[in-house]
Amino acid sequence: AQSVAQPEDQVNVAEGNPLTVKCTYSVSGNPYLFWYVQYPNRGLQFLLKYITGDNLVKGSYGFEAEFNKSQTSFHLKKPSALVSDSALYFCAVRDILDSNYQLIWGAGTKLIIKP
Amino acid sequence: DSGVTQTPKHLITATGQRVTLRCSPRSGDLSVYWYQQSLDQGLQFLIQYYNGEERAKGNILERFSAQQFPDLHSELNLSSLELGDSALYFCASSVEIEADTQYFGPGTRLTVL
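Residues numbered from 1 in each chain as written. Chains lettered and ligands numbered in written order. Predicted model: local features only at pLDDT ≥ 70, side-chain atom pairs only at ≥ 80, totals over all residues. Heavy atoms only, no water.

## Quick word on the side chain of A:Gln102
Right, so step 1: Along the chain, A:Gln102 falls in the loop between strand 10 (87-95) and strand 11 (104-105).
Right, so step 2: Here A:Gln102 falls in the buried class, since its relative accessible area comes to 4%.
Right, so step 3: Within the local environment of A:Gln102, its side chain forms a polar contact with the side chain of B:Gln48, the two groups lying 2.5 Å apart. (Helix = DSSP H or I, 4+ residues; strand = E, 2+ residues; numbered from the N terminus. Buried < 20%, exposed > 50% of the residue type's maximum accessible area, 1.4 Å probe, protein only. Polar contact = N/O pair within 3.5 Å; in protein donor to acceptor, adjacent residues only side chain to side chain.)

Okay, here's the thing in structure tokens:
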């Protein structure tokens with residue numbers, strides 16, 4: 001069965017430090033992987049996705065994510081955190097073999113950047 | 001601004017009532033998705049429509065129904081409302097039938113008293 005896990009409910013980082021938000025997945029075939037961000041009282045916004053090709057994917061607002069097939073992970077990273085990055089981050093996966101074509105969503109990780 | 005619009009922004013109603021939430025997808029998008037976000041259950045996929053036809057169902061209760069109209073806007077109908085239905089309801093849209101990059105609306109906050 002397909003699944004995605006975000007093992008940390010909350011991540012605290014000091015402004016200017018690098019940040020990592022973790023995501024691991026389980027699919028039968030090859031994955032399509034996504035990161036979305038939700039700012040307070042807003043809808044989710046697409047950040048980046050991995051379909052195929054280069055394992056390092058660059059997205060909006062200076063974020064990037066690295067696809068690691070052996071570790072079945074797709075961690076979100078940013079070299080230098082900003083207070084404005086504080087938000088809820090969701091990882092999602094789709095198995096390209098799944099005929100239902102749906103995204104499986106993680107539970108979300110709250111990222112808090114302290115000045 | 002994602003280009004997806006949802007109305008109303010807020011809705012307060014009583015238990016046992018029925019409400020309708022409306023969503024207009026981005027121009028050109030044929031797929032519409034409905035999600036429920038509550039504090040204790042995260043983001044739950046409810047249902048997807050593609051070009052007017054139901055495409056996939058998630059954890060949608062029998063008291064809930066949806067449809068997509070010829071102009072591609074969609075409505076989510078919630079009936080016999082219970083306190084536990086209080087949540088944020090999001091609509092998202094995408095171009096293709098398979099779930100790819102989705103563009104989310106601002107949501108409708110439903111409060112059932």
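## Side note on the state of the cysteines
Residues and elements named next belong to chain A.
Right, so step 1: Counted under the stated rule, the structure contains 2 disulfides over all chains.
Right, so step 2: Paired through a disulfide, Cys 23 and Cys 91 show a sulfur-sulfur distance of 1.9 Å. Linking Cys 23 and Cys 91, the disulfide has an S-S dihedral of approximately -60° and is accordingly described as left-handed. Here Cys 91 lies in strand 10 and Cys 23 lies in the loop between strand 3 (19-21) and strand 4 (24-26), a separation of 68 residues in the sequence.
Right, so step 3: By relative accessible area, Cys 23 is classed as buried at 0%.
Right, so step 4: Assessed through its relative accessible area of 0%, Cys 91 is described here as buried. (Disulfide = S-S within 2.5 Å.)

## Topic: the packing of aromatic side chains
Right, so step 1: For the structure on display, the rule yields 15 aromatic pairs over all chains.
Right, so step 2: Here A:Tyr36 and A:Phe46 contribute two aromatic rings whose centre-to-centre distance is 5.8 Å and whose plane-to-plane angle is 70°, an arrangement assigned as edge-to-face. One end of the pair, A:Tyr36, is in strand 5 (residues 31-38); the other, A:Phe46, is in strand 6 (residues 44-50), with 10 residues separating them in the sequence.
Right, so step 3: Judged by its relative accessible area of 24%, A:Phe46 falls in the partly exposed class.
Right, so step 4: An angle of 85° between the planes, with centres 5.6 Å apart, marks the rings of A:Trp105 and B:Tyr35 as edge-to-face. Taken as a pair, A:Trp105 in strand 11 and B:Tyr35 in strand 4 (residues 31-38) lie in two separate chains rather than in one. The residues A:Trp105 and B:Tyr35 share a single accessibility class, namely buried.
Right, so step 5: Over the face of the ring belonging to A:Phe63 we find A:Lys78, whose NZ or CZ atom lies 5.0 Å from the ring centre.
Right, so step 6: The side chain of B:Arg26 reaches across the aromatic face of B:Tyr103, ending 3.7 Å from its centre. (Phe/Tyr/Trp six-rings, centres within 6.5 Å; stacked < 30°, edge-to-face > 60°. Lys NZ or Arg CZ within 6 Å of the ring centre and 35° of its normal.)

## Quick notes on the interface of chain B and chain A
Right, so step 1: Each partner contributes to the interface: chain B provides 19 residues, whereas chain A provides 18 residues.
Right, so step 2: For the pair chain B and chain A, the two sides together bury roughly 1600 Å², of which 52% comes from carbon and sulfur.
Right, so step 3: Run the count over chain B and chain A and you get 5 residue pairs in polar contact (both at pLDDT 80 or more).
Right, so step 4: Put simply, the parts of the chain that give the side of chain B that touches chain A at least two residues each are strand 4, strand 5 (42-50) and strand 6 (53-57) of chain B.
Right, so step 5: Looking at side-chain class alone, the side of chain B that touches chain A contains 10 nonpolar, 5 polar and 4 charged residues. (Contact = heavy atoms within 4.5 Å. Buried area = accessible area lost by both parts, 1.4 Å probe. Nonpolar A, V, L, I, M, F, W, Y, C, P; charged D, E, K, R; others polar.)

## Let's talk about the sheet that holds strand 3 (residues 19-24) of chain B
All names here are of chain B.
Right, so step 1: Read from one edge of the open sheet, 4 strands run 1-3-8-7, paired in antiparallel fashion. Edge positions in the sheet fall to strand 1 (5-7) and strand 7 (64-68), since each has one partner strand and no second. Averaged over neighbouring strand pairs, the angle between their axes works out to 15° when direction is ignored.
Right, so step 2: For strand 7 and strand 8 (residues 74-78), the ladder comprises 5 bridges, and the chain directions are antiparallel. Looking across to strand 8, one finds that Gln 67 is bridged to Glu 75. (Pairing = 2+ DSSP bridges. Axes fitted to C-alpha atoms, helices over the stretch in contact; angles between N-to-C directions.)

Spatial relationships are all this shows, so hold off on functional conclusions.
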